[in-house]
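# Overview (structure and organization)
This is what each chain is made of:
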Amino acid sequence: MNKIEAKREFTAYLKERNIKYIEHVHNGESCIVMAFTGYETCPDGALESSIEFFETCMECRVYFTANASGWIKKRAGDLSDMYRLLNFINSRVWPFTHDGFGDRLYAAHHLQTPRFFITEDQNYDLTATTVIDYDHYDLAPLETEDYCTVAIPELMAKLSLPLFFLLLKKVTVDEAIELIKRDVLLE
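Since this is a predicted model, take the numbers as computed values, not measurements.

A separate point is the packing of aromatic side chains. On inspection of all chains with the given rule, the structure shows four aromatic pairs. Here the aromatic rings of Phe64 and Phe164 are separated by 4.9 Å at their centres, their planes lie at 85°, and the arrangement is edge-to-face. Of this pair, Phe64 sits in strand 4 (residues 57-64) while Phe164 is found in helix 5 (residues 141-167), placing the two residues 100 residues apart along the sequence. Residue classification places Phe164 among the buried positions, given a relative accessible area of 5%. Between Trp71 and Phe164, the ring centres sit 5.7 Å apart and the planes meet at 75°, which makes this aromatic pair edge-to-face. Of this pair, Trp71 sits in helix 2 (residues 66-74) while Phe164 sits in helix 5, and the two are 93 residues apart along the sequence. Residue class for Trp71 comes out partly exposed when judged on its relative accessible area of 26%. Through a chain of ring-to-ring contacts, three or more aromatic side chains come together here, namely Phe10, Tyr13 and Tyr137.

Across the interface, helix 3 (residues 80-92) lies against helix 6 (residues 173-183) with an axial gap of 10 Å and an inter-helix angle of 25°. When the axes of helix 3 and helix 6 are compared, the pair comes out roughly parallel. For the crossing formed where helix 3 meets helix 6, the hand is right-handed. Contacts between helix 3 and helix 6 pair Asp81, Arg84, Leu85, Phe88, Ile89 and Arg92 from the former with Val173, Asp174, Ala176, Ile177, Ile180 and Lys181 from the latter. Each residue belonging to the contact of helix 3 with helix 6 can be placed in one class, and the counts come to seven nonpolar, no polar and five charged.

Moving on: the pairing of strand 3 (residues 46-53). Taking burial as the measure, the eight residues of strand 3 include seven buried ones, the bulk of the element. When strand 2 (residues 29-37) meets strand 3, the two strands line up antiparallel, connected through eight bridges. Opposite Phe36, over in strand 3, you have Leu47 as the bridge partner. In the sheet, strand 3 pairs with strand 4 via seven bridges, with the strands oriented antiparallel. Across the sheet, residue Glu52 finds its bridge partner in strand 4, namely Glu59. Turn length for the strand 3-strand 4 hairpin, with the two strands adjacent in sequence and antiparallel, is three residues.

Note on soluble globular proteins: their nonpolar side chains tend to be buried together. Grouped together as the largest cluster of nonpolar side chains are 55 residues, with contacts concentrated most on Phe10, Phe64, Leu85, Ile89 and Leu163. Per element, the largest residue contribution to this core is 12 residues, and it comes from helix 5. If we ignore the near neighbours within four places in the chain, the residues touching Ile89 are Phe116, Leu159, Leu163 and Ile180.

With that settled, the discussion passes to the environment of Cys148. Tracing the backbone shows Cys148 in helix 5. On the basis of relative accessible area, Cys148 is assigned to the buried category, the value being 0%. C-alpha separation for the pair Cys148 and Lys74, spaced 74 residues apart in sequence, amounts to 29 Å. Leave out the neighbours within four places in its chain, and Cys148 touches Phe10, Ser49, Ile51, Cys60, Val62, Ile132 and Pro153.

Tracing the sequence through the fold places Glu55 in the loop between strand 3 and strand 4. Under the relative-accessibility criterion, Glu55 is labelled exposed at 57%. Sequence separation between Glu55 and Ile177 is 122 residues, and the spatial gap between their C-alpha atoms is 38 Å. Leaving out residues up to four positions away in the same chain, Glu55 has contacts with Lys3 and Tyr134.

Here is what the cut-offs are and how they apply
- Residues numbered from 1 in each chain as written.
- Predicted model: local features only at pLDDT ≥ 70, side-chain atom pairs only at ≥ 80, totals over all residues.
- Heavy atoms only, no water.
- Phe/Tyr/Trp six-rings, centres within 6.5 Å; stacked < 30°, edge-to-face > 60°.
- Helix = DSSP H or I, 4+ residues; strand = E, 2+ residues; numbered from the N terminus.
- Buried < 20%, exposed > 50% of the residue type's maximum accessible area, 1.4 Å probe, protein only.
- Axes fitted to C-alpha atoms, helices over the stretch in contact; angles between N-to-C directions.
- Parallel < 35°, antiparallel > 145°, perpendicular 65-115°, else oblique.
- Left-handed = near helix turned anticlockwise from the far one by under 90°.
- Contact = heavy atoms within 4.5 Å.
- Nonpolar A, V, L, I, M, F, W, Y, C, P; charged D, E, K, R; others polar.
- Pairing = 2+ DSSP bridges.
- Core = buried A, V, L, I, M, F, W, Y, C linked by side-chain atoms within 4.5 Å.

Pasting the structure below:
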C-alpha cells in the first residue's frame, strides 16, 4: 500500500460512516482533518483530528480544541505537573480497540500505541499521536480506521477531566493519576 491508496481507503471509510472531513496539504503532504463532537468531558465538547499521509506511513493526531490549547499556553511556565501526568499516561495507558459488535468484525486488542504530549510549535496542542506504517494498515484496515476515529477520541475524552482538572489546579498531579487509575485503567 502507498500513500495514495491509504488516503483513498481511509476517505472511503469516512464517507461510508458519514464522518465529515476536509482534505488539504500540510507541509507538502496530503492531510485529512476531522472534528468530533459530543465529547462532553472535553473542552468545547469536541476533539479534532488529522491524518497526514507520508511515503511509507501515516500520522494520526487527535487533539483538544484551540480553546484548550489557549489554557495550556497561559500556564506555559508552570507545566511540570502536566508533564509528570503525561509521563504517567505514556507509561501506563494503552488504548484498547474493539469493533463495537461483540468481536464479530475483529477481536478486541491493543493495536497501536500513541504518544501523548504538548506540541512544541507554540500552539500548545495537547495531542495523542500515532505513526502507522502502511504495511500494518494494509493488514488491519478496519481496526486501524476505528483506532483513529473511535478508540483514540474515546480515550482522549476519558483522560480529559484528569488532564484539565490538573491544568486548572482543581486536583493535584497525584489525584489526577488516581482518577486515571480508577476511571481509565479500572484499578
